[in-house]
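Residues per chain, in single letters:
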Amino acid sequence: MKTSTDFIASLKHEHARLGRLLGVIDNGLWWTKEDPGRIKTEELQHQAEIIRTAIDEIERVVGQIGS
């Protein structure tokens, strides 16, 4: 069974990964067309929505701690 410390370490790790990814994307300055790397921008937006939903759920659960 994972502990709360494991969860926090995992969340920090994923935060760092996302930070590195955003650095690589660099506000899209390197994108030369609407379909970067043969992936539709709509699919990238869908993945961003999955991240937002997951963060919303983590925020909801963490908000219940201690109540």
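My aim in this report is to walk through the structure given alongside it, one point at a time. (Residues numbered from 1 in each chain as written. Predicted model: local features only at pLDDT ≥ 70, side-chain atom pairs only at ≥ 80, totals over all residues. Heavy atoms only, no water.)

1. Some details on the overall build of the protein chain
Quick reminder of the rule: For the purposes of this entry, the term helix denotes a DSSP run of H or I that reaches at least four residues, the term strand denotes a run of E that reaches at least two, and both are numbered from the N terminus. Categorising residues by exposure relies on relative accessible area from a 1.4 Å probe, with only protein chains included: less than 20% of the type maximum marks a residue as buried, more than 50% marks it as exposed, and the intermediate range marks it as partly exposed. Areas reported here follow the Shrake-Rupley algorithm with a probe of radius 1.4 Å; residue values treat only the protein chains shown as occluding.
Scanning the protein chain for helices and strands turns up 2 helices and 0 strands. Of all 67 residues assigned to the protein chain, the portion counted as buried reaches 4%. By element, 61% of the accessible surface of the protein chain is carried by carbon and sulfur atoms, the whole surface being about 6200 Å².

2. Looking at a nonpolar patch on the surface
Quick note on the threshold: Without a salt bridge and with relative accessible area above 30%, a residue can belong to a patch; like charges are then joined within 9 Å and nonpolar side chains (Val, Leu, Ile, Met, Phe, Trp, Tyr) within 5 Å. By definition, a salt bridge exists where a carboxyl oxygen of Asp or Glu is found within 4 Å of a side-chain nitrogen of Lys or Arg.
On the surface, a cluster of nonpolar side chains totalling about 450 Å² of accessible area is made up of Phe-7, Ile-8, Leu-11, Val-62 and Ile-65. When residues in the nonpolar patch are grouped by element, the largest group, 3 residues, is from helix α1 (residues 4-25). Note on placement: Ile-8 falls in helix α1. Its relative accessible area of 43% is what places Ile-8 among the partly exposed residues.

3. Here's the deal with the pattern of salt bridges
One pass over the full model with this rule turns up 4 salt bridges. The network of salt bridges with shared partners includes Glu-49, Arg-52 and Asp-56.

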